[in-house]
Structures are given as C-alpha cells and as structure tokens.
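So you can see what is in the structure, the chains are spelled out below.
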Amino acid sequence: MDIRIFKNEAEIGEAVGKLYCDFINSKPDCVLGFATGATPVPTYNYIVEQYKAGKVSFKDVKTFNLDEYCDLPKTHKNSYYTFMLENLFSKVDVNLDNVGFLDGNAADPEAESARYAADIASKGGLDIQLLGIGRNGHIAFNEPSDEFSGESHKVKLTDSTIEANSIYFDDIPMPRYAMTMGIGSIMKARKIILIATGASKAQAVKDMIKGPVTPHCPASVLQEHKDAVIFLDEAAASLL
Ligand code: F6R
C-alpha cells in the first residue's frame, strides 16, 4: 500500500483530481470506477474545474460505479445514479451511454451481477477504481463478514451503514438493501485509490493498514493489491 497523508480534504481533492486528469489525458478512452458519498466530492469538484478550463475531456471515458440502492427508482434524488449526475456526469462531457451502473431494481440480482461483470470486462476492465471507506471498514457495500465476496451481489445493509446514510433520506425510509460490486470485482482493478477523511474514519483506517487481512475489515484486503494508493487527511491518519 502506498500511503499519502495530506492536511485536509481540499488538498486530497486536488491531488486525486489531478491524478485522474493526468490519467485521462494519457488514456482518453480509459475505464474508471467511481464511488459516491461525501468523500470523493472534493475530487469531483476539482475534475469539473479542470473540465471547465478545457484541461480534460470525458468524451471517450467509460465509467462504472461501485453500488446502487435496491428498491429505489434510478432517478430518485437519493439514488447513486442521481448523485453521480449531480456531482460529476452532468458537469463534464461524458457520454451517458458510457456510464455503467448496477440496476438496484433488477428482478434477478445474479443475472444483473453477471451482466455488470461482462460489461466491465468487455470494455477492457477497470483502469482505476476509486473507493471511500465506511466507519466499519466497508468498501462499496461489502460489509464486515466471515468471508470476502466475489463479484457483484445484493447485500443487506448493516445498522452502522443505515445510521450513517439515513441522514440523506428525508422523504422516504432509507433502503435496506443494495447491489454492490464485490471484493473480487474491486480487486481486479489495475489501480485502486482509496480516500479517507475525518476522525470518524481513523479506526477503520488503522484496521485497514495495520490490522490483519480479514473480511471483518473488508478494506484490509487492499494490503494484497499490487497498486493501492491510500489518501488520508491528518484526522483519518491520527491512529496510525
Ligand atoms: C459509496 C460507497 C461507500 C462509501 C463509504 C464512505 O459508493 O461505496 O462504501 O465510500 O460508505 O462514505 P462517505 O464518503 O459518505 O463517508
């Protein structure tokens, strides 16, 4: 693991955003895996600024997102698809036909998982997967459990995740299930970038980096990835 510590989330947004822009400029038809949540927003803001300044284009970029809630219309204001539209996709020149998403309303989650894996593979596989981390060490919606997951699958969200994310649901109760890329799918990415900011992530960061590789802290699997870069602010790094 390559661990980089910055003063605050703004500095991380610039560093990671720059890394993405440089990569897109070196491979304009690259395949990028994106994450939702509060953590990547400064990175998306930086990328949008660069796009507006004419310094990067998403014209031929292909994207895949980590996860999506189940039993929520794709266009609901809290869907992860809407999040990506609002924070990145509607603000750059990405072709929406090149935007891949898990269908949280698929009648057959196993078939949906196979479709997603085949779609990612047919585009050449993920060049870079962006990740945040949950306070319990989850990545995507792979919650602590007794074994590492493989490809995409449907999950029941834990109380900790429901508590953390329900602040965003002010009209309907937060969904209890999601479709997520599995640990196996994430580990296939050629490069992984994980960002963690804030003191609430410090314990999970310590477990991820210093603890044993165990599905009880799903992010610890990144110790086994050959190109995982971890961007931390000082608060998230405070227990290292
Ligand atoms: C989002 C995702 C989640 C978040 C994690 C951290 O697509 O897969 O694993 O990365 O829950 O969320 P924030 O960034 O809101 O603290």
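Note: the structure precedes this text.
Computed from a prediction, not measured in an experiment: that's the story for all the values here. (Residues numbered from 1 in each chain as written. Predicted model: local features only at pLDDT ≥ 70, side-chain atom pairs only at ≥ 80, totals over all residues. Heavy atoms only, no water.)

Student: Help me out: how do you make sense of helix 7 (residues 202–210) in this one?
Tutor: An α-helix turns once per 3.6 residues; consequently, residues spaced three or four apart project the same way. If you check which residues of helix 7 are buried, you get A202, A204, V205, M208 and I209. One side of helix 7 holds all its buried residues, which, seen down the axis, span an arc of 160°. Next to the buried residues of helix 7 lie strand 1 (2–6), strand 9 (191–196) and strand 10 (228–233). (Buried < 20%, exposed > 50% of the residue type's maximum accessible area, 1.4 Å probe, protein only. Helix = DSSP H or I, 4+ residues; strand = E, 2+ residues; numbered from the N terminus. Arc of directions from axis to C-beta. Contact = heavy atoms within 4.5 Å.)

Student: Help me understand a negative patch on the surface in this model?
Tutor: Judged by side-chain charge, E11, E14, E49 and E234 come together as a negatively charged surface patch. Of note, E14 is situated in helix 1 (residues 9–26). E14 gets classed as partly exposed once you look at its relative accessible area, which sits at 46%. (Patch = residues over 30% accessible without salt bridge, like charges linked within 9 Å, V, L, I, M, F, W, Y side chains within 5 Å. Areas by Shrake-Rupley, 256 points an atom, 1.4 Å probe, with all protein chains shown as cover. Salt bridge = Lys/Arg side-chain N within 4 Å of Asp/Glu carboxyl O. Lys, Arg positive; Asp, Glu negative; His and termini not counted. Charge placed at Lys NZ, Arg CZ, Asp CG, Glu CD.)

Student: Would you explain the packing of helix 2 (residues 41–52) against helix 3 (residues 80–87) in this entry?
Tutor: Helix packing for two helices is described by the angle between their axes and how far apart those axes are. Between helix 2 and helix 3, whose axes approach to 10 Å, the crossing angle comes to 40°. With respect to their mutual orientation, helix 2 and helix 3 come out oblique. Here V41, Y44 and V48 of helix 2 lie close against helix 3, whose contacting residues are F83, M84 and N87. A breakdown of the residues in the contact of helix 2 with helix 3 according to their chemical character gives 5 nonpolar, 1 polar and no charged. (Axes fitted to C-alpha atoms, helices over the stretch in contact; angles between N-to-C directions. Parallel < 35°, antiparallel > 145°, perpendicular 65-115°, else oblique. Nonpolar A, V, L, I, M, F, W, Y, C, P; charged D, E, K, R; others polar.)

Student: Could you clarify how one ought to interpret the sheet that holds strand 10 in this entry?
Tutor: Strands pair in a sheet through their backbones, by hydrogen bonds, and they do so in one of two ways: parallel or antiparallel. The 7 strands lie next to each other as 1-10-9-6-2-3-5, forming an open sheet whose pairing is parallel. At either margin of the open sheet sits one strand with a lone partner, and together these are strand 1 and strand 5 (99–100). Pairing of strand 9 with strand 10 involves 5 bridges; the strand directions are parallel. Paired with A196 across the bridge in strand 10 is L232. (Pairing = 2+ DSSP bridges.)

Student: Honestly, the site of the ligand in this entry has me stumped. Any pointers?
Tutor: Around the ligand, the neighbouring residues are A35, T36, G37, A38, T39, L66, D67, G132, I133, H138, A140 and K201. In this structure, an oxygen atom belonging to the ligand sits 2.7 Å away from a main-chain N or O atom of A140. According to the grid-proximity analysis, the pocket containing the ligand is the largest pocket. Residues of the shell around the ligand, tallied by class, amount to 5 nonpolar, 5 polar and 2 charged. (Near = heavy atom within 4 Å. Polar contact = N/O pair within 3.5 Å; in protein donor to acceptor, adjacent residues only side chain to side chain. 1 Å grid on protein atoms, 1.4 Å probe; cavity = no way out; pocket = protein on both sides within 12 Å on 5 of 7 lines; lining within 4 Å. Sits in = over half its atoms within 2 Å of the grid points.)

Student: Can you walk me through helix 4 (residues 109–122) in this structure?
Tutor: Across its 14 residues, helix 4 extends 20 Å between first and last C-alpha, which sits within 8% of the 20 Å expected from 1.5 Å per residue. By the burial criterion, the buried members of helix 4 are E112, S113, Y116, D119 and I120. Viewed end-on, helix 4 has its buried residues packed into an arc of 130°, placing them on one side of the element. Across from the buried face of helix 4, at angles greater than 90 degrees, the exposed residues are E110, A121 and S122. Looking at the buried positions of helix 4, the neighbouring elements they touch are strand 3 (62–65), strand 5 and strand 8 (177–180). N-cap assignment for helix 4: the residue whose side-chain oxygen lies 3.1 Å from the backbone N of E110 is D108. (Expected span 1.5 Å × (residues − 1).)

Student: Explain the nonpolar core here, please?
Tutor: Soluble, globular proteins show a tendency: their nonpolar side chains are buried together. Y20, F34, F58, L88, I193 and F231 are the most contacted members of the largest nonpolar core, which has 41 residues in total. Residue contributions to this core peak at 6 residues, all from helix 1. Those residues in contact with F34, other than ones at most four positions away along the chain, are Y20, Y44, F58, T63, F64, N65, L66, M84, L88, F89, Q129 and L130. Within the second largest apolar cluster, 34 residues are counted, among which are A140, A196, M208 and A219. (Core = buried A, V, L, I, M, F, W, Y, C linked by side-chain atoms within 4.5 Å.)

Student: Please clarify how the packing of helix 1 against helix 2 should be interpreted in this entry.
Tutor: As a packed pair, helix 1 and helix 2 sit with axes 7 Å apart at the nearest point and diverge in direction by 50°. Regarding the angle of helix 1 to helix 2, the classification is oblique. Crossing of helix 1 against helix 2: the hand is right-handed. Facing helix 1, whose interface residues are E9, I12, G13, E14, V16, G17, K18, Y20 and C21, helix 2 presents P42, T43, Y46, I47 and Q50. By residue class, the composition of the contact of helix 1 with helix 2 is 7 nonpolar, 4 polar and 3 charged. (Left-handed = near helix turned anticlockwise from the far one by under 90°.)

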